[in-house]
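In case you want the letters, here they are:
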Amino acid sequence: AIDPRDPDEALMAVQVAPRAPARAAAIAALSTAHQLSHQLDPLGVTTAPGPDGVPAGFVICPAPPGPDLAAGLTPWPEQALIERVLKPLALALDGLRLLGVTHRAIRASNVFAAPGGPATLGCAWAAPPASGQSALYDPPTSACCAPTARGDGRSADDIYALGVLLIVLALGHEPMAGLSDEEKIRRKLAFGSHAALTEGVRLPNSLLELTRGMLAEDPEHRPPPALLRDPLAARTRRVATRPPRRAHAPIALGGQPIWHLPELALACARHPDEATGRLRSGEIDAWVRRGLGDTAIAVRLDDVARLRAADRGADPATADALMLMRAVAVLDPLAPMCWRGTLLWPDALGPMLAEGRNDAVLTDLVLQEAAAAWGAMRDGRSDTTLLRIEGRQHRAVLRAADLRMAVRRLCYLLNPLLPCASDLLRPEWVATAAEVLPVLERTMSGPAPPASPCDRELLAFIAARLDFGPDEMVRVELADAGPPEPSLALALLSMFARLQDRAGPPSLPRIAASLAGLTRPLLDRWPNLRRRAEAETTLSDLARAGQLSRMVALLDDPHQAAADSARLQKVRAAVRDLDDTIAAVAAAAPARAARAGELGRIAASCLGAASLVGAVARAVF
């Protein structure tokens with residue numbers, strides 16, 4: 001990458017995968033801070049054509065100072081490890097810790113150094129945290145999760161990875177080579193990470209003591225980065241690293257013999273149906289009590305079973321899922337959360353939704369507010385209040401609209417740099433609200449423009465980026481296909497107008513023409529024929545000018561609508577008066593006819609009498 005302001009500065013652009021969002025919070029925190037030493041800080045996020053010519057997202061950062069440490073790997077002298085690797089990287093991690101940011105991508109292939117120079121942490125910002133880590137470099141409680149489910153973790157997780165890196169560089173090769181990730185995780189859980197990594201190898205005693213603390217199973221026991229800047233002080237920090245207690249006899253679960261509690265917790269999480277049956281039958285409780293002799297854990301498992309009995313309001317499957325989740329947290333408080341066979345850390349919800357593989361499980365997890373119940377079982381290792389607040393916020397989002405659209409909105413809310421996946425915007429990379437309308441305007445200019453300028457995916461994206469409240473979500477559900485109803489089209493027009501007013505561009509004739517056609521049937525409901533004809537002409541003019549807000553003002557004018565309604569009521573009242581008069585005249589017609597007949601007879605009698613008198617008079621005279 002090239003900075004036009006400083007063409008000589010060595011930069012690189014790291015491509016972001018569409019379903020693996022960049023780390024927005026970390027990028028924001030680091031972009032507002034001074035550049036940290038010995039680390040490739042993110043300098044910005046941009047969109048550009050990828051290697052295949054398709055638009056893609058990129059994180060810009062400085063270019064590495066030299067090759068990665070995995071290139072031509074040979075054993076490092078202890079002094080070089082301390083001075084060129086440990087001290088500079090501890091300084092970098094201490095700076096990250098002060099900003100509340102974790103790196104989560106420390107491995108030999110992502111640490112760089114010029115010949116004879118200090119090591120530099122590579123870019124870790126263009127993908128979800130720890131998603132590129134193998135089971136070697138990650139703690140087993142993180143490595144057992146899917147790559148997108150590992151979460152930001154804490155600074156202690158970076159210390160763990162740095163300890164593994166020191167061992168790899170000291171040996172000149174990766175320990176446990178040839179083993180699968182599953183076997184590496186199993187050995188770490190069974191024997192402890194440090195014992196599993198150093199079994200059968202020779203390291204200097206000073207390095208053994210240092211890495212023993214860095215690879216402690218409990219994150220609270222690992223030294224902070226500031227202490228590692230003085231390796232001598234870090235060595236004197238003694239940490240008890242006893243291996244997990246081994247049972248007298250194993251328990252079989254998932255087709256494997258289990259000897260230790262951490263192994264049992266992981267097996268229960270991965271085989272939920274079998275584990276649930278064993279918990280309800282009391283078999284796991286009995287094994288913990290007799291095989292391990294741990295009555296405290298057994299008592300807590302009894303409490304979990306009683307909580308299961310108290311969950312009478314939940315359906316049986318949900319109650320079983322809650323029971324198993326709590327039981328795993330009791331068996332191993334360091335283990336991740338498990339829900340219906342999926343393991344994750346709660347702060348990984350966003351990347352997991354972006355990946356799109358476990359939407360049904362994750363939706364159920366949010367609706368049940370399971371994260372708060374999990375945090376309450378972890379002996380104070382989680383901020384239960386924060387988990388409860390976040391859980392209720394996430395649940396409120398899901399309950400605000402149609403569930404499918406609400407899940408996508410939550411996904412975009414939790415991943416501020418995730419591009420919109422709407423087919424209406426392909427193949428463009430649109431990650432901000434300001435980019436939506438210009439790209440959509442180009443899309444509408446194609447030879448076969450879509451029937452509607454919006455679909456569920458785009459609606460969820462805009463609602464998340466504009467931070468609509470629950471009652472502002474286009475009020476009615478969008479259909480899966482076909483043009484929306486006129487009233488819904490008016491709501492879409494209002495949303496696009498709000499977006500145009502905030503981000504531009506000033507004219508959107510193609511989008512306006514599409515929405516004008518969809519909303520024109522609303523004019524047929526206007527009672528004033530003259531104003532209706534004028535409005536149709538005005539609407540066409542505004543659509544050609546691409547003025548969405550003025551179109552909304554024309555179609556949705558409450559004052560004019562009230563005036564029209566008042567005039568209509570007056571006309572209707574006058575019509576009613578006329579109808580009443582006509583009815584009264586019609587009702588009085590028989591009486592008037594009878595009166596007229598009577599008057600006619602009287603008049604005829606009078607005329608007859610007058611004629612008789614005349615005749616008599618003529619005869620006499």
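Look up a bit, the structure's there.
Because the structure is predicted, anything quoted here is derived from the model rather than measured. (Residues numbered from 1 in each chain as written. Predicted model: local features only at pLDDT ≥ 70, side-chain atom pairs only at ≥ 80, totals over all residues. Heavy atoms only, no water.)

Enquirer: Sorry, what's going on with the overall build of the chain here?
Expert: Along the backbone of the chain there are 26 helices and 9 strands. Referenced to the eigenvectors of the C-alpha coordinate spread, the extents of the chain come out at roughly 170 × 70 × 35 Å. With 621 residues in all, the chain has 48% of them scored as buried. Sequence-distant contacts in the chain: of pairs separated by 6 or more residues, those separated by 24 or more amount to 67%. If you sum the accessible surface of the chain, you get close to 29,100 Å²; carbon and sulfur atoms cover 56% of it. (Helix = DSSP H or I, 4+ residues; strand = E, 2+ residues; numbered from the N terminus. Buried < 20%, exposed > 50% of the residue type's maximum accessible area, 1.4 Å probe, protein only. Contact = heavy atoms within 4.5 Å. Areas by Shrake-Rupley, 256 points an atom, 1.4 Å probe, with all protein chains shown as cover.)

Enquirer: What exactly am I supposed to notice about the pairing of strand E2 (residues 44–49) here?
Expert: Along a regular strand, successive side chains alternate from one face of the sheet to the other. Two elements, E2 and strand E3 (residues 55–62), share 6 bridges in a ladder whose sense is antiparallel. Note on E3: the bridge partner recorded for Ala-48 is Ala-56. The hairpin formed by E2 and E3 contains 5 residues between the paired strands, and Gly-53 there has a positive phi angle of roughly 85°. (Pairing = 2+ DSSP bridges.)

Enquirer: Sorry, what's going on with the packing of helix H16 (residues 359–367) against helix H18 (residues 384–398) here?
Expert: Each pair of packed helices can be described by the angle between their axes along with the distance between the axes. Relative orientation of the contacting elements H16 and H18 amounts to 115°, with a least axis distance of 8 Å. Contacts from Thr-363, Val-366 and Leu-367 of H16 reach H18 at Gly-391, His-394, Arg-395 and Leu-398. (Axes fitted to C-alpha atoms, helices over the stretch in contact; angles between N-to-C directions.)

Enquirer: Looking at this structure, I do not really get the pattern of salt bridges. What am I missing?
Expert: Oppositely charged side chains can pair when the atoms bearing their charge come close. If you walk through the whole model with that rule in mind, you get 31 salt bridges. When the shortest N-O distance is used, the salt bridge between Asp-285 and Arg-289 registers 3.3 Å. In this pair, Asp-285 and Arg-289 are both assigned in helix H12 (residues 283–291), 4 residues apart and thus about one turn of the helix distant. Taking the relative accessible area as the measure of exposure, Asp-285 reaches 12% and is therefore buried. By relative accessible area, which is 33% here, Arg-289 ends up partly exposed. The structure contains a network of salt bridges with shared partners spanning Asp-94, Arg-97 and Arg-229. (Salt bridge = Lys/Arg side-chain N within 4 Å of Asp/Glu carboxyl O.)

Enquirer: Where do I start with the sheet that holds E2 in this structure?
Expert: Strand pairing in a sheet is mediated by backbone hydrogen bonds. Such pairs are either parallel or antiparallel. On the basis of which strands lie adjacent, the open sheet formed by 3 strands has the order E1-E3-E2 and antiparallel pairing. Every other strand in the sheet has two partners, leaving strand E1 (11–16) and E2 as the edge strands with one partner each. Across the sheet, the mean angle from the axis of one strand to that of its neighbour is 40°, orientation sign disregarded.

Enquirer: Would you take a moment to explain the nonpolar core for this structure?
Expert: Across soluble globular proteins, nonpolar side chains have a tendency to be buried as a group. If you look at the biggest cluster of nonpolar residues, it comprises 113 residues, and the most contacted ones within it are Leu-264, Val-288, Leu-458 and Phe-496. Here this core takes 10 residues from helix H14 (residues 316–331), the largest share from any one element. Contact partners of Leu-264, with chain neighbours within four places excluded, come to Ile-251, Leu-253, Ile-258, Ile-284, Trp-287, Val-288 and Leu-331. Counting 63 residues, the second-largest nonpolar core is a separate cluster that includes Ala-80, Ile-82, Leu-86 and Ala-113. (Core = buried A, V, L, I, M, F, W, Y, C linked by side-chain atoms within 4.5 Å.)

Enquirer: Just checking my understanding: could you explain the packing of helix H24 (residues 529–545) against helix H25 (residues 548–555) for this structure?
Expert: Following both chains from N to C, one finds H24 and H25 inclined at 165°, their axes separated by 9 Å at the closest point. Accordingly, the angle class assigned to the pair H24 and H25 is roughly antiparallel. Considering the relative orientation of H24 and H25, their crossing is left-handed. Of the residues in H25, those in contact with Ala-535, Thr-538, Leu-539, Leu-542 and Ala-543 of H24 are Arg-550, Met-551, Leu-554 and Leu-555. Here the residues of the contact of H24 with H25 are counted per class, giving 7 nonpolar, 1 polar and 1 charged. (Parallel < 35°, antiparallel > 145°, perpendicular 65-115°, else oblique. Left-handed = near helix turned anticlockwise from the far one by under 90°. Nonpolar A, V, L, I, M, F, W, Y, C, P; charged D, E, K, R; others polar.)

Enquirer: Explain the state of the cysteines here, please?
Expert: Each disulfide consists of a covalent bond between the sulfur atoms of two cysteine residues. Throughout the structure, instances matching the rule amount to 0 disulfides. The structure places no disulfide on Cys-454, whose sulfur is separated from the nearest cysteine sulfur, that of Cys-420, by 8.8 Å. (Disulfide = S-S within 2.5 Å.)

Enquirer: Explain the packing of aromatic side chains to me, please; I cannot follow it from the model alone.
Expert: By convention here, two paired aromatic rings are described through the distance between centres and the angle between planes. Overall, the coordinates contain 2 aromatic pairs when judged by the stated rule. Relative to Trp-374, the ring of Trp-345 lies with its centre 5.8 Å away and its plane at 80°, an arrangement referred to as edge-to-face. With Trp-345 in the loop between strand E9 (342–344) and helix H15 (349–355) and Trp-374 in helix H17 (residues 370–375), this residue pair connects regions lying 29 residues apart in the sequence. Since its relative accessible area comes to 2%, Trp-374 is described here as buried. Both rings, one in Tyr-412 and one in Phe-461, keep their centres 5.1 Å apart while their planes meet at 90°; by these two values the pair is edge-to-face. Of this pair, Tyr-412 sits in helix H19 (residues 403–414) while Phe-461 sits in helix H21 (residues 456–465); the two residues are 49 residues apart in sequence, bridging distant segments of the chain. Neither Tyr-412 nor Phe-461 differs from the other in exposure class; each is buried. Stacked on the ring of Trp-259, the Lys or Arg Arg-246 has its end atom at 3.7 Å from the ring centre. The ring of Tyr-412 has Arg-408 lying over it, and the distance from NZ or CZ to the ring centre is 5.2 Å. (Phe/Tyr/Trp six-rings, centres within 6.5 Å; stacked < 30°, edge-to-face > 60°. Lys NZ or Arg CZ within 6 Å of the ring centre and 35° of its normal.)

Enquirer: Help me out: how do you make sense of the environment of Leu-607 in this one?
Expert: Within the element layout of this structure, Leu-607 appears in helix H26 (residues 558–620). Exposure remark for Leu-607: the relative accessible area of 61% places this residue in the exposed category. Separated by 312 residues in sequence, Leu-607 and Thr-295 have C-alpha atoms that sit 129 Å apart.

Enquirer: Quick question: what am I supposed to make of the side chain of Ser-193 here?
Expert: For Ser-193, the position within the fold is in helix H6 (residues 193–198). Here the side chain of Ser-193 touches Tyr-160 through a polar contact of 2.7 Å, side chain to side chain. Once you skip the residues sitting within four places of it in the chain, Ser-193 turns out to touch Pro-140, Tyr-160, Lys-188, Leu-215 and Glu-217. (Polar contact = N/O pair within 3.5 Å; in protein donor to acceptor, adjacent residues only side chain to side chain.)

Enquirer: Explain unusual backbone geometry here, please?
Expert: As a rule of thumb, non-glycine residues mostly have phi less than zero, and peptide bonds are mostly trans rather than cis. A cis amide bond links Arg-426 with the next residue in sequence, Pro-427, at an omega value of 5°. In this structure, the amide linkage connecting Gly-504 to the following residue, Pro-505, adopts the cis form with an omega of 0°. Relative to the elements of secondary structure, Pro-505 occurs in the loop between helix H22 (486–503) and helix H23 (509–519). Look at Glu-369: it is not a glycine, yet its phi comes out positive at around 50°. The topology assignment puts Glu-369 in the loop between H16 and H17. With relative accessibility at 22%, the residue Glu-369 sits in the partly exposed group.

Enquirer: Would you take a moment to explain the side chain of His-260 for this structure?
Expert: Topologically, His-260 is positioned in the loop between strand E7 (256–258) and helix H10 (261–270). Owing to a relative accessible area of 4%, His-260 belongs among the buried residues under this scheme. At 3.5 Å, the side chain of His-260 forms a polar contact with the backbone oxygen of Ala-190. When neighbours within four sequence positions are excluded, His-260 is seen to be in contact with Ala-190, Pro-244, Arg-245, Arg-246 and Trp-287.

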